[in-house]
Amino acid sequence: MRLILYALLLGGALALAVVLLAWVAERRLDPLAEAHLFSDVAKAPVIETALVLGTAAIGPEGGPNRYFIYRLDAAAALWKAGKVRYLIVSGSRDAVNDEPSAMRAGLVERGVPTEVIYSDFDGWRTWDSVMRARDIYGQERVMIVSQRFHLVRALYMARNVGIDAFGFEARDVGAAYSILTELRRYPSALRAYYDVWFEAPFRDAGPKVVIGKDRAG
């Protein structure tokens, strides 16, 4: 019984340590990104390409995903203001969801022409999207579009792998869909450090794409 008690105490202590570490990791990302974040289109720098990070078009409750809607609103606003010329919509695609195609369609509905939208179907994780923007799409300077909690993580990754990255904040969702939506940012922050420190593998399959020269699609 004593051994079981010790094991339970040790397990609880380790779990608490991981939780605290994840919290510190997430809090650390925000000040690191602050100087490179913009929420006002007028103040955003002019950068040729924006990387729009993917999410599902349909939210967990079955209706339109507000994270998705607000990211597309932000990306379209950047393009219409002449702040970006091209957009890479990066997300995952499977039998149920096709994030890049849905993002592309949503941007077209917002007045962005198809010929400036490049679809990256291998952005299964933020790390994949960032690394593919650099290595597949050849981007050394990029404007990343997402909500702030996501941007700070993406900017940490991008700026630590040699990309001169900036972030444009999409409107956040006032009330998260679920507690899991809120809590997942903490382990995701830890994963961001891991990806950078250990140069995690990413999905680098597919031909190189020259933005502005190769046909968008």
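Residues numbered from 1 in each chain as written. Predicted model: local features only at pLDDT ≥ 70, side-chain atom pairs only at ≥ 80, totals over all residues. Heavy atoms only, no water.

Caption draft 1: Representation of the overall build of the protein in the model. Of regular secondary structure, the protein possesses seven helices and six strands. When the helices and strands of the protein are placed in sequence order, the string is α-β-β-α-β-α-β-α-β-α-β-α-α. Residue burial in the protein is summarised as follows: out of 217 residues, 47% are buried. For the protein, long-range pairs separated by at least 24 residues make up 77% of all intrachain contacts whose partners lie at least 6 apart in sequence. When the accessible surface of the protein is totalled, it reaches about 11400 Å², and 59% of it is carbon and sulfur. (Helix = DSSP H or I, 4+ residues; strand = E, 2+ residues; numbered from the N terminus. Buried < 20%, exposed > 50% of the residue type's maximum accessible area, 1.4 Å probe, protein only. Contact = heavy atoms within 4.5 Å. Areas by Shrake-Rupley, 256 points an atom, 1.4 Å probe, with all protein chains shown as cover.)

Caption draft 2: Layout of the sheet that holds strand β3 (residues 86–90). What the six strands build is an open sheet, ordered β1-β6-β5-β2-β3-β4; its pairing is parallel. Two strands lie at the open edges of the sheet, namely β1 (37–38) and β4 (117–120), each paired on one side alone. As defined by bridge partners, strand β2 (residues 49–53) adjoins β3 across five bridges and the pair is classed as parallel. Its bridge partner lying in β3, Leu-53 is registered against Ser-90. Its contacts with the sheet place helix α5 (residues 148–160) against β1, β2, β5 (141–146) and β6 (164–169), and it is angled at close to 175 degrees to β6. (Pairing = 2+ DSSP bridges. Axes fitted to C-alpha atoms, helices over the stretch in contact; angles between N-to-C directions.)

Caption draft 3: The arrangement of helix α7 (residues 185–197) in detail. With 13 residues, α7 should reach 18 Å at 1.5 Å per residue; the first-to-last C-alpha distance of 18 Å fits that figure. Taken as a whole, α7 has its buried residues at Arg-185, Ser-188, Ala-189, Ala-192, Tyr-193, Asp-195 and Val-196. Buried residues of α7, viewed axially, fall in a sector of 160 degrees; they line one side. Following α7 by one or two positions, Glu-199 adopts a phi angle in the positive range, close to 50 degrees. (Expected span 1.5 Å × (residues − 1). Arc of directions from axis to C-beta.)

Caption draft 4: The arrangement of the packing of aromatic side chains in detail. The tally for this structure, following the rule as stated, stands at six aromatic pairs. Considering the side-chain rings of Tyr-156 and Tyr-193, the 4.8 Å spacing of their centres and the 50 degrees angle between planes classify their relative orientation as tilted. Of the two residues, Tyr-156 sits in helix α5 while Tyr-193 sits in helix α7, which places them 37 residues apart along the sequence. One exposure class covers both Tyr-156 and Tyr-193, and it is buried. Judged by centre distance (5.0 Å) and plane angle (35 degrees), the rings of Tyr-194 and Phe-198 are tilted. Feature note: the residues Tyr-156, Tyr-193 and Trp-197 constitute an aromatic cluster, connected by ring pairs. The ring of Phe-121 has Arg-93 sitting right over it, with the charged end atom 3.8 Å from the ring centre. The residue whose ring lies beneath Arg-159 is Phe-166, and the NZ or CZ to ring-centre distance is 5.6 Å. (Phe/Tyr/Trp six-rings, centres within 6.5 Å; stacked < 30°, edge-to-face > 60°. Lys NZ or Arg CZ within 6 Å of the ring centre and 35° of its normal.)

By themselves these figures say nothing about function.
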